[in-house]
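Secondary and tertiary structure notes
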Amino acid sequence: MKAQAQYAPVKKMLTGIKGFDDITQGGLPIERNTLIMGGPGCGKTVFALQALVNGARRSHEAGLFVAFEESTKQIVANAATFGWDLPALEKKKLFFLDAHLTPEDVKSGDFDLMGMLAVLEAKAKQIGAKRIVFDGIDVLLGLLDDPIAERREVYRIRDWLTRTGFTAIITQKIDGVEAGMRYSFLQFMVDCVVVLRHQVVDGSAFRNLRVKKYRGSGFDSDEFPISLSSDGMQLTTRGPMEFEYDVTDERISTGLPRLDNMLHGGYHRGSNVLISGAPGTAKSTLAGLFAAASCARGERTLYVSFDEGAAQITRNLKSVGINLAPCRKSGLLRIYSTRTRGPNVEDQFAALRRLILDQKPRCLVIDPLSALSTKVAHLASADATQQFLDFLKLQKITVVNTSLMDGLNMDEATATGISTIADTWIHVSYIVQDGERNRALTIVKSRGTGHSNQVRELTLSSEGVALTDAFIAQGKVLMGVARWEWEQEELATKQRNEVASELARLKLQISQAEAAARLLVVQTEMEVRTAEIALLATATGSATKLRRTDRAMLRKMRHADDDVRLPLLPRVRTRGVKKNGKVASNGTD
């Protein structure tokens, strides 16, 4: 539950501890006292010392460190693992006072801190210190072994801090339940209380931080996981309330052209892609295609694997036509193989952040992300994955995460729990049919772009990876050999239909040729008849003309005069020759 943020006139000091300044809305209260409580190994001394070091480095504020439990030499030596270079800071900005006391040094009723406080005040004036740490005050109080003396010395320190205007950090060990601890009165005397816990869950260690009290300021009162790295302590928070980052419409290839088409151009640059599926469904293959395509564009790519070594990944992907060896040789691709180290994943995410900041990749593959997320057994660690993905978005890195499904079912759920925040979700599954197992791919969602809703068969071979349209026949989705057999049958049917069509075409051509031949005979006969008619007409006309010509010539030959008409002679009747006992007349009179 979050406390309501209130604007109060409380000046604050940045600790430089990543995440802590966010949940406290600016750090620790200036010129006030802060109590850091926790059991052994929680990081109390690291917290206090890191705030002191960051103040000296970033704000150029000197500080004092009073050690009641460990010697200053031990503290400086232990801090060397964080690279803070305390010996150099000791020369000008930091002063370490070894206040480690023995029972002989402390006698109840006779001992007070006036002398030590006077030394500290003088040293503070000398170096201009504004911050002070009392580390392990419970050790001092334990040596007093008198409740009255304990309270007297604590109030003495509080009054001294108020008078000198120091910003103080006091660390205290607690064991067991907080309410039953001996020095619970300290919580009422300070303005800010921070509780650190170190617990073991299912054999794995977790460190957590919670701000229990903060006078005059709002704060986030939830418990947050903390991790210790080479840079010191950091918190895994939920990030700012309003999350903003740049987006672009630029598309980049998935490495599989058919999948690019299904996504209407590929992945969005800077997006978060999730590929989920059961073991063996080619999740790593799709991730390898993306990595190869990124290197082909000349982009630096980081491939993080929690399952296989770099050499094994390279060999396995080569068997399906994906050759990553040249990419690794050129330096564009780095394959980082590691193993999960228990449920506490904050440390591993912190290591990945450092690796990413060092490599500066434009594209990232995490195979599988579920190797980390399935280890999240502690409720405070549930936000670690989302915070890491938010970090990638701010870095404008396009990331492809694979996630292993629980079992071999087709349920669209992920063990990682990040399916709701993924920009593009691709699901690969098995379809068992007719005695064989085949892979199917579908796009569950892709924000900001249209995408195909069809199921495609994903096939792998030595020639490469391919997506094939799912074949639906008789109300069933056919894949593999069943699809091949059905396609062959359809192909044979098509060929038979084509042959039948060709035969019918040939028959029609023959009939057409025969009809054309008959038509040609008729046309020829008509031409002959036409010619005969023409010849007949010509012959008739010529005969008529010839008769006319012959008559004219005959008249001329008889000296006939066309202009003189001869008079008619009287008709003389003559007797004919007797023929057959009769007399024939010649018709001439």
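Here we come to the overall build of the protein. Looking only at helices and strands, the protein features 16 helices and 26 strands. The buried share of the protein, taken over its 589 residues, is 44%. Carbon and sulfur atoms make up 53% of the accessible area of the protein, which amounts to about 31,900 Å² in all.

Next up on the list: the sheet that holds strand β22 (residues 464–469). If you walk across this open sheet you meet the nine strands as β16-β15-β17-β18-β14-β19-β20-β21-β22, and the pairing is mixed. A strand with exactly one partner marks an edge of an open sheet, and here the two such strands are β16 (333–337) and β22. Neighbouring strand axes in the sheet, compared pairwise and without regard to direction, differ in orientation by 20 degrees on average. Two strands pair when backbone bridges link them, and strand β15 (residues 301–305) and β16 are joined in this way by five bridges, in the parallel orientation. Counterpart to V304 in the pairing with β16 is Y336. Seen against the sheet, helix α11 (residues 310–318) touches β15 and β16 and runs at an angle of roughly 120 degrees to β16.

The next subject is the sheet that holds strand β10 (residues 223–229). On the basis of which strands lie adjacent, the open sheet formed by nine strands has the order β5-β4-β6-β7-β3-β8-β9-β10-β11 and mixed pairing. Of all the strands in the sheet, the pair left with one neighbour each is β5 (94–98) and β11 (232–235). The average angle at which neighbouring strand axes cross in this sheet is 20 degrees, direction not considered. Two strands pair when backbone bridges link them, and strand β4 (residues 62–67) and strand β6 (residues 129–135) are joined in this way by six bridges, in the parallel orientation. Within β6, the position partnered with A67 by the bridge is D135. In the packing of helix α3 (residues 72–79) onto the sheet, contacts are made with β4, β5 and β6, and the angle to β5 comes to roughly 135 degrees. Docked against the sheet, helix α5 (residues 114–127) engages β4, β5 and β6, running at close to 155 degrees with respect to β4.

What the rule picks out here adds up to two cavities of 30 Å³ or more. N33, I137, V154, I157, R158, L161, I170, L186, M189 and V190 together form the lining of the largest cavity. At the level of secondary structure, the elements contributing two or more residues to the lining of the largest cavity comprise α7 (147–164) and α8 (186–189). Per-element tally for the lining of the largest cavity: the top contributor is α7, with four residues. Its residues assigned to classes, the lining of the largest cavity shows eight nonpolar, one polar and one charged.

Once that is clear, we can look at the pattern of salt bridges. Going through the model one piece at a time under the given rule, you end up with 19 salt bridges. Across the pair R158 and D159 runs a salt bridge whose closest N-O atoms are separated by 3.6 Å. A relative accessible area of 29% means that R158 is categorised as partly exposed. The partner of R269 in a salt bridge is E250, with the nearest N and O atoms 3.1 Å apart. Placement of the pair is R269 in the loop between β13 (267–268) and β14 (272–277) and E250 in the loop between β11 and β12 (251–252), with a sequence separation of 19 residues. For R269, a relative accessible area of 9% corresponds to the buried category. Through salt bridges with shared partners, a single ionic network connects E250, R269, R297 and E299.

Over its 15 residues, helix α2 (residues 44–58) runs 21 Å from end to end, which matches the ideal 21 Å to within 8%, given 1.5 Å per residue. Counting buried positions over the 15 residues of α2 gives twelve, a clear majority of the element. For α2, the complete set of buried residues consists of K44, V46, F47, A48, L49, Q50, A51, L52, V53, N54, G55 and A56. H60, located one to two residues past α2, shows a positive phi value of around 55 degrees.

Moving on to the packing of α5 against α7. Helices that pack against each other are described as a pair by the angle of their axes relative to one another and the distance between those axes. Following both chains from N to C, one finds α5 and α7 inclined at 20 degrees, their axes separated by 11 Å at the closest point. On the basis of the axis angle, α5 is roughly parallel to α7. Crossing handedness for the pair α5 and α7: right-handed. Taken together, the residues of α7 that come into contact with α5 (itself represented by M114, L117, L120 and E121) are R156, W160, R163 and T164.

Following both chains from N to C, one finds helix α6 (residues 137–144) and α7 inclined at 140 degrees, their axes separated by 8 Å at the closest point. The crossing of α6 and α7 is right-handed. From α6, I137, L141 and L144 reach across to α7, where they touch A149, E150, E153, V154 and I157. Here the contact of α6 with α7 is composed, by residue class, of six nonpolar, no polar and two charged.

Another point: unusual backbone geometry. Cis geometry marks the peptide bond from D367 to P368, where omega comes out at -10 degrees. Secondary-structure assignment places P368 in the loop between β17 (363–367) and α14 (370–373). Unusually for a residue other than glycine, D85 sits at a positive phi of about 55 degrees. Mapping D85 onto the fold places it in the loop between α3 and α4 (86–90). Overall, D85 belongs to the partly exposed group, its relative accessible area being 47%.

Turning our eyes to something else, we now look at the state of the cysteines. Two cysteines whose sulfur atoms are joined by a covalent bond form what is called a disulfide. A full pass over the atoms with the stated rule returns zero disulfides. No disulfide involves C327; its nearest neighbouring cysteine sulfur is the one of C295, lying 3.9 Å away. Unpaired in this structure, C363 has its nearest cysteine sulfur neighbour in C295, at a distance of 8.4 Å. With relative accessibility at 0%, the residue C363 sits in the buried group.

Along any regular strand the residues' side chains alternate between the sheet's two faces. Buried residues dominate β10, accounting for five of its seven residues. Alignment of strand β9 (residues 204–214) against β10, held across four bridges, turns out to be antiparallel. Looking at β10, one finds that R207 is bridged to I226. The pairing of β10 with β11 spans four bridges and is classified as antiparallel. Of the residues in β11, the one forming a bridge with S229 is G232. Counting the residues in the hairpin turn of β10 and β11 gives two residues.

This part takes up the nonpolar core. If you look at the biggest cluster of nonpolar residues, it comprises 39 residues, and the most contacted ones within it are F20, L49, L86 and L209. The element contributing the most residues to this core is α2, with eight residues. What F20 contacts, discounting residues up to four positions off in sequence, is T15, L28, F47, V194, L209, V211 and L235.

Criteria and thresholds
- Residue numbers run consecutively from 1 along every chain, following the written order of its sequence.
- Local features in this predicted model are restricted to residues whose pLDDT is 70 or higher, and side-chain atom pairs enter the listing and the counts only when it is 80 or higher, whereas totals over whole chains, interfaces and linings include all residues.
- Water and hydrogen atoms were dropped before computing side-chain values, which therefore reflect all heavy atoms in the structure.
- What counts as a helix is a DSSP run of H or I of at least four residues, what counts as a strand is a run of E of at least two, and both are numbered from the N terminus.
- Any residue under 20% of the maximum accessible area for its type is buried, any over 50% is exposed, and the rest in between are partly exposed; the area is computed with a 1.4 Å probe on protein chains only.
- Computed with the Shrake-Rupley method and a 1.4 Å probe, the accessible areas treat only the protein chains shown as cover for residues.
- Any two strands with at least two DSSP-identified bridges between them are counted as paired.
- Here the axes come from fitting lines to C-alpha atoms, over the contacting stretch only for helices, and the angles between their N-to-C directions go from 0 to 180 degrees.
- For this analysis, residues touch if any pair of their heavy atoms sits within 4.5 Å.
- Buriedness of a pocket was judged along seven lines, with at least five required to meet protein on both sides within 12 Å; pockets are open sets of points on a 1 Å grid over the protein atoms alone, cavities are sets where a 1.4 Å probe fits but cannot get out, and lining residues have an atom within 4 Å of a point.
- Grid points are joined across faces, edges and corners, and a volume is the space filled by probe spheres set on the points.
- Three categories are distinguished: nonpolar for Ala, Val, Leu, Ile, Met, Phe, Trp, Tyr, Cys and Pro, charged for Asp, Glu, Lys and Arg, and polar for the others, with Gly belonging to the last.
- The term salt bridge refers to a pairing of a side-chain nitrogen on Lys or Arg with a carboxyl oxygen on Asp or Glu at a separation within 4 Å.
- To estimate how far a helix should reach, multiply one less than its number of residues by 1.5 Å.
- By definition in this entry, angles of less than 35 degrees are roughly parallel, angles greater than 145 are roughly antiparallel, angles of 65 to 115 are roughly perpendicular, and the rest are oblique.
- Crossing handedness is read from the near helix: turned anticlockwise from the far helix by less than a right angle, it gives a left-handed crossing, and turned clockwise, a right-handed one.
- By convention in this document, the label disulfide applies to cysteine sulfur atom pairs within 2.5 Å.
- Nonpolar core, defined: a set of buried Ala, Val, Leu, Ile, Met, Phe, Trp, Tyr and Cys residues in which side-chain atoms within 4.5 Å join the residues together.

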